[in-house]
Amino acid sequence: MIPQAYILEVTDLTKTFSGIKALDAVQLHVRKGEMHALMGENGAGKSTFMKLLIGLLTPDSGEILFEGASMKATSVHDVLQKGIAMIHQEMLNVPELTVAQNIFLGRETAGGLFRWLDDSNRNKQAAELLAHMGVSIPPDTKMKHLSVAQMQMVEIAKAISNDVKVLIMDEPTSALADAEVTILFGIIRELTQKGVAIIYISHKMDEIFTIADTITVLRDGQYIGTHPATDLNENSLIKLMVGRELDRLFPESTTPPGAEVLSVRQLGRKGAFSDINFAVHAGEVLGLAGLMGAGRTEVTRAIYGLDPLHTGDIHLKGQPVTINSPQDAIRLGIGYVSEDRKQLGLIPALSVKYNITLGSLSNHADGGFIRSQRESTAAVDVMADLQIKATGPDQPVVYLSGGNQQKVVIGKVLQANPVVVLLDEPTRGIDIGAKSEIYKLIHELKASGIAIILISSELPELLGLSDRVLVLAKGKQTALLSKEDATQETIMRYAMQP
Amino acid sequence: MKPIRTLLSSSALLIALLLTGCNQSTSDEKGGAGSKKLVIGATMLSMQNEFIVNVHDEIEKKATADGVELITVDAEHSPLKQVEQVESFIAQKVDAIIMNPCEVEASSPAVAKALAANIPIINVNSETSAKPSAFVGSDDVESGRMAMKFIADKLNGKGNVVMIHGYMGQAAQIKREQGAREVLKQYPGLKLLAHQTGEWDRAKAMSLTENWIQSYGSQINAVFAHNDEMGLGAAKALTDAGMKDKVIVVSIDGIPDALQGVKKGALDATIFQNAEQQGSKAIETAIKAAKGEAYEKQTLIPFQLVTKANLSSFLKP
Amino acid sequence: MKNGLPPSPSKTTLSYKTRFGRLGQYGLLIAFLGICLTLSLITPRFFTVQNLMIIVTQVSINALLAFGVTFIIITGGIDLSIGSMVAVTGVAAASFAHPDTYPVVVPVVIGLLAGLLFGAFNGFVITRSHVPPFIVTLGTMTIGRGLALILSKGRPISNLSDSFNFIGGGKILGVPTLIVILIVAFIGCSVLLKKTVIGRYMYAVGGNEQAARASGIPIGKVKLVVYTLGGLLAALAGILLTSRITTGQPNAGQGFELDAIAAAIIGGTSTSGGTGTMTGTLLGALLIGVISNGLDLLNVTSYYQEVVMGAIIIGAVVLDSMNQTNKN
């Protein structure tokens, strides 16, 4: 392959916040049609870097050359006009508008009145675009009715529909199931063949090595290096990213499972799932596998009392229980960590301390009056136990990194002394270092005799942590596999069953 | 603190108006079918205002006695609503309309419309710029004159006065102020120390007076309030400050509470506006006009000064 | 003013926007002190013990209402019916407050009970239906006004007993009763908001209702409590107003809800819920009162007062939105 010309050249880019260097003389050279992965732990400066590229922030020094000319970005719109687009990790869409309207948002009037697109035309274009991507989402659906994965697909479609030259993707697959990831990679390959350069940020190693041509690594705001993907392997890349060798990701299970803690029979909820039967034991991790929309999240939500059940019953330690609300669930000893920590996990404006004690406040109160001392002690203990990094217990949780926010949610759940914990995508959107800490934590919970139900779309993670795997497909249970039988292939086979 | 209200309330008000839009009451449901019973429509400024309620009570009493069907609607201070109400009276082909106008200008189209439809319209209590078939009420300028004249006499033409206005821009406020200022001009010794709106409200006038007491203290010799509610509020503030016996308080309307106030010495005088007579004359004129009989184009009910000396004739048993 | 508002974020994330936002917390206090200082310089009559007491007295009724509204706005709600509640409770209390009829506790208890029921009704409808509080309380605002007119037959209820008139018009050791009640209510509300489980739950519900629910917080109960508290405080205000002006008026309290909401917003309570303090609200109410008093002292016409007050509200909301931006 003849090396293409550089389309984007970044030299010595530096950005300082309050005297602290968030980025220090960072380099990046991206060729036309190249799939360029940008790697680094959270806090390595990737987000700041991307914000500088798309004009959300202005650099202190350094130079950005786009197509050989110096780019003095003044606004996001400006950059977009030049042909640099970004798919955000935090999905930015208008929930009340349709898929098609979101895809063409901001471009309705771009060409003046005569290029105004009527809805049916717009829907047709959107449908073609989505079909081309291999996604079947009706273009006239309102965004708010879509799943997270579907929204992600729409985001990608929106970026593609712009005439991009450089496309930045920040964790585009974090909400996608494997089948959808395959589709996405197909789209990416097609784009690169057309000469579009892609800057790809992801924490998923296997993805990087599947599709990246070149890898640039950042650590603590410093430029570490750029390598062809073929020169690296998973271990050497992690070493570059964290500056040390990580322990083995998935600790070996030592404790045998104990007595049955939670069992469900014939669980069903109209339009979501039906006839679900399983039991989970003390010290056991039961993995829930399945594609997007298989009903994994819905099952855990219903057990936790967030959605009503229509059929079936739940037994806890052999006793039948009725759960009509999360309050009931918590009282019975069921904890829940949602896949959507922003919506369901955290009160952003409240402090780390207040978030941690929120679910168990009555334990820190007498007669309705909060005992501040007791509450603080409890929160500080949790922060130390879970190694939550914050300036202190009073820091608003919104300022924490994704991994630390997730630990706050887990800490809150553990405060209520649960016997069962439902973990829905506990490592979504957090970096590899924090991931391994969460894995360790799951292991500790297991060892302490807590029963765990784990949902993860990352099969290696699910397989590494689970003692048994329950596979769901289209709201039905298709297999319950032992650790020995559970492999990526068998799980996928059962997950794709009609 | 009206500003905040104005700022934030527009949307709330809009919906509130929609919600409360249709509160009509018919006083006489017997409504003789097919008989030649007279029908008179009345639209009142606000049925939350005690004085207006009193005027209306008298209209209603007389209507019942004379076997006239009376349809009363509440304009709730909205001239727009009032015009619509009159339009609906015209559509119902009432025999005469009694209007207690919300505003001088904004309620005028109602008069024009009624006259164009050949339905006599009688304004009661306050005026519109358009000339109605007849006007029944009292001359507000005169009440202002009387109040300020009383103060001038009491102070022997020398002293400092403060004045509490009603809602700025309303006919009653404008005329009462005009009358008061006419008298002030005649007495160079009388000085208007301060004047401010109390929005016809007792609590607001009380706060205002408290603040004035801080500002002027014993310099204040007399208070003129545009209505009794505000007069009573001012009197309360003066009493609380231990100054009541040194300051003269006069207000207008002669509501029962104010008569009690005169009796107790809280108010030195109130200018009695005769609600009963306004009401009864209004309905009398309306009936005459409806029947096509001759009627007075203008009936002015005189104000009366009420002090301790003549109080007994106003106090109802 | 620490509770509810984000304390200083970490050094590494402290951008200029954050610093500016933090200024917002103290901006109100600075503005308040600045205005007081200016008035003291312009007129010697402003900074006297007596005048300051009068300001607090005049502010107290709005402040009580604003405390109730603060609870409600923190949970992400709104209550437009408090002005009407002032009228209903005031009229209800006045009906039982004539001399030589009942002991003074009777009208007080009846007034408070009326407010409690009214507020609980608001809360009940809001939690049971999924109608937004704005609409529900807009409806009850009108209902309340009607009830007050029905109870009083459209006429003020006067001739109240001296002991009843003492509640809002008397003095205890030279301090007006209104000030004493205001201080007690302020302490009570602050403690409730900061130191109790239900107070914390209010922040959680307003900060993120879904997450609060998932954390096992009884959302319905919390909302019922805040609207009931709003009713109770409105009743207290209604009784005090009636006592202060020695008459129960069916049209009292018109527009009070907006003054109260304004005090809360000026005091830093975010209209999107989740933040706010009683100290801020008290300061907001005092600011409104000081400006109103100051302009009266200077004999400035009320037209200017409207302009000034509007500008202050917008300023407060702009500061609030800066805080919001820097959070996101």
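Treat the numbers as computed from the prediction; the structure is a model and nothing was measured. (Residues numbered from 1 in each chain as written. Chains lettered and ligands numbered in written order. Predicted model: local features only at pLDDT ≥ 70, side-chain atom pairs only at ≥ 80, totals over all residues.)

This paragraph deals with the overall build of chain C. What chain C contains, in helices and strands, is 13 helices and 2 strands. In summary, chain C has a C-alpha radius of gyration of 20 Å against a globular reference of 20 Å for 328 residues, a match within 12%. Projected onto the principal axes, the alpha-carbon positions of chain C cover approximately 70 × 55 × 35 Å. Of all 328 residues assigned to chain C, the portion counted as buried reaches 58%. Residue pairs in contact within chain C that sit at least 24 positions apart in sequence constitute 80% of those at least 6 positions apart. (Helix = DSSP H or I, 4+ residues; strand = E, 2+ residues; numbered from the N terminus. Rg over C-alpha atoms; globule rule 2.2 N^0.38 Å. Buried ≥ 20, exposed ≤ 12 C-beta atoms within 10 Å, placed from the backbone. Contact = placed C-beta atoms within 7 Å.)

The subject of this paragraph is the overall build of chain B. Looking only at helices and strands, one finds 10 helices and 13 strands in chain B. Buried positions account for 55% of the 317 residues belonging to chain B. Considering only residue pairs separated by 6 or more positions, chain B has 75% of its internal contacts joining residues 24 or more positions apart.

So, on to the domain arrangement of chain B. All names here are of chain B. Domain annotation for chain B reports domain 1 (23-138 + 274-301) and domain 2 (140-272). For domain 1 and domain 2, the distance between their C-alpha centroids amounts to 32 Å. In this complex, domain 1 contributes 7 residues to the contact, which on the side of domain 2 involves 7 residues. Residue classes in the side of domain 1 that touches domain 2 are distributed as 2 nonpolar, 3 polar and 2 charged. (Domains from an automatic or database assignment. Nonpolar A, V, L, I, M, F, W, Y, C, P; charged D, E, K, R; others polar.)

Moving on, we come to the confidence of the model for chain B. In the predicted model, chain B carries a mean pLDDT of 86, and 89% of its residues have values of at least 70. For residues 1-34 of chain B, every residue scores under 50 in pLDDT, and the model assigns this stretch 49 contacts once sequence neighbours within four places are set aside. (pLDDT = per-residue confidence, 0-100.)

Listed by partner, the interface residues are 42 residues for chain C and 36 residues for chain B. Those elements that provide at least two residues to the side of chain C that touches chain B are α2 (49-74), α5 (133-152), α10 (219-244), α11 (256-266), α12 (278-297) and α13 (302-327) of chain C. Of the residues forming the side of chain C that touches chain B, the biggest block, 6 residues, is contributed by α13 of chain C. Tallied by class, the residues present in the side of chain C that touches chain B amount to 16 nonpolar, 20 polar and 6 charged.

The interface with the most contacts, out of 2 pairs of chains in contact, is the one formed by chains B and C. In this structure chain A stays clear of chain B, and the shortest span between their C-alpha atoms is 23 Å.

This brings us to the interface of chain C and chain A. Each partner contributes to the interface: chain C provides 29 residues, whereas chain A provides 33 residues. When residues of the side of chain C that touches chain A are traced back to their parent elements, those giving at least two are α8 (197-207) and α9 (209-214) of chain C. Grouping the amino acids of the side of chain C that touches chain A by side-chain chemistry returns 12 nonpolar, 12 polar and 5 charged.

Under the 1.5 Å per step criterion, the end-to-end length of helix α3 (residues 82-95) of chain C is 20 Å for 14 residues, consistent within 8% with the ideal 20 Å. Of all the 14 residues making up α3 of chain C, 13 are buried; the element is thus mostly covered by neighbouring parts of the structure. (Expected span 1.5 Å × (residues − 1).)

Below, the discussion takes up the sheet that holds strand β15 (residues 319-321) of chain A. All names here are of chain A. Spatially, 4 strands are ordered β12-β11-β14-β15 in an open sheet, and the strand pairing comes out antiparallel. On the outer flanks of this sheet lie β12 (273-281) and β15, each paired with one strand and no other. Direction aside, the axes of adjacent strands within the sheet are offset by 20° on average. Across 5 bridges, the pairing between strand β11 (residues 260-269) and strand β14 (residues 311-316) is antiparallel. Among the inter-strand pairings, Arg 265 is bridged to a residue of β14, identified as Asp 313. Contacting β11, β12 and β14, helix α9 (residues 296-303) runs over the sheet at an angle of about 115° to β11. (Pairing = 2+ DSSP bridges. Axes fitted to C-alpha atoms, helices over the stretch in contact; angles between N-to-C directions.)

Moving on, we get to helix α13 (residues 372-385) of chain A. Residues and elements named next belong to chain A. Helix length check: α13 (14 residues) gives 20 Å between terminal C-alpha atoms against 20 Å at 1.5 Å per residue, within 8%. For α13, the complete set of buried residues consists of Glu 375, Ala 378, Ala 379, Val 382 and Met 383. Buried residues along α13 cover an arc of 135° about the axis, so they all sit on one side. Turned more than 90 degrees off the buried face of α13, the exposed positions are Gln 373 and Ala 384. Structurally, α13 contributes buried residues whose contacts are with α12 (352-357), β18 (369-370) and α14 (402-415). Residue Gln 387 follows α13 closely and has a positive phi angle near 50°. (Arc of directions from axis to C-beta.)

We now examine the packing of helix α7 (residues 177-195) of chain C against α12 of chain C. All names here are of chain C. Running from amino to carboxyl end, α7 crosses α12 at an angle of 145°, the nearest separation of the two axes being 9 Å. Residues Phe 186, Cys 189, Ser 190 and Leu 193 of α7 form the contact with α12, whose own contacting residues are Met 278, Thr 279 and Leu 282. Partitioned by chemical class, the residues of the contact of α7 with α12 number 5 nonpolar, 2 polar and no charged.

Let us now look at the pairing of strand β21 (residues 468-473) of chain A. Residue and element names in this part refer to chain A. Bridge analysis of strand β13 (residues 285-289) against β21 gives 4 bridges, and the strand direction is parallel. By the bridge assignment, Leu 286 is partnered in β21 with Arg 468. Two elements, β21 and strand β22 (residues 476-482), share 6 bridges in a ladder whose sense is antiparallel. Residue pairing across strands places Val 471 opposite Ala 479, the latter belonging to β22. Turn length for the β21-β22 hairpin, with the two strands adjacent in sequence and antiparallel, is 2 residues, and the turn residue Lys 474 shows positive phi of about 50°.

Residue and element names in this part refer to chain B. Burial of the side chains of strand β11 (residues 269-272) extends over both faces: Ala 269 and Ile 271 are buried on one face and Thr 270 and Phe 272 on the other. Where the polypeptide runs from strand β10 (residues 248-253) across helix α9 (residues 256-264) and back to β11, its parallel neighbour, the crossover connection is right-handed. The pairing of β11 with strand β13 (residues 304-306) spans 3 bridges and is classified as antiparallel. Its bridge partner lying in β13, Phe 272 is registered against Gln 304. (Right-handed = clockwise from strand over helix to strand, strands pointing away.)

What follows concerns the sheet that holds β13 of chain A. Residues and elements named next belong to chain A. The strand order across the open sheet built from 6 strands is β16-β19-β20-β13-β21-β22, with neighbouring strands paired in mixed fashion. Of all strands in the sheet, those bounded by a partner on one side alone are β16 (334-337) and β22. Within the sheet, the average angular offset between the axes of one strand and its neighbour, ignoring direction, is 20°. Examined bridge by bridge, β16 and strand β19 (residues 420-424) share 4 bridges and lie parallel to one another. Among the inter-strand pairings, Ile 334 is bridged to a residue of β19, identified as Val 420.

A word on the packing of helix α2 (residues 50-66) of chain B against helix α10 (residues 275-291) of chain B. All names here are of chain B. Packing of α2 against α10 brings their axes to within 7 Å, and their N-to-C directions diverge by 45°. By the angle between their axes, α2 is oblique relative to α10. Like other packed secondary-structure pairs, α2 and α10 cross with a definite hand, here right-handed. Contact residues: Phe 51, Asn 54, Val 55, His 56, Asp 57, Glu 58, Ile 59, Lys 62, Ala 63 and Asp 66 in α2; Ala 275, Glu 276, Gln 278, Gly 279, Ser 280, Ala 282, Ile 283 and Ile 287 in α10. In terms of residue class, the contact of α2 with α10 is made up of 8 nonpolar, 5 polar and 5 charged. (Parallel < 35°, antiparallel > 145°, perpendicular 65-115°, else oblique. Left-handed = near helix turned anticlockwise from the far one by under 90°.)

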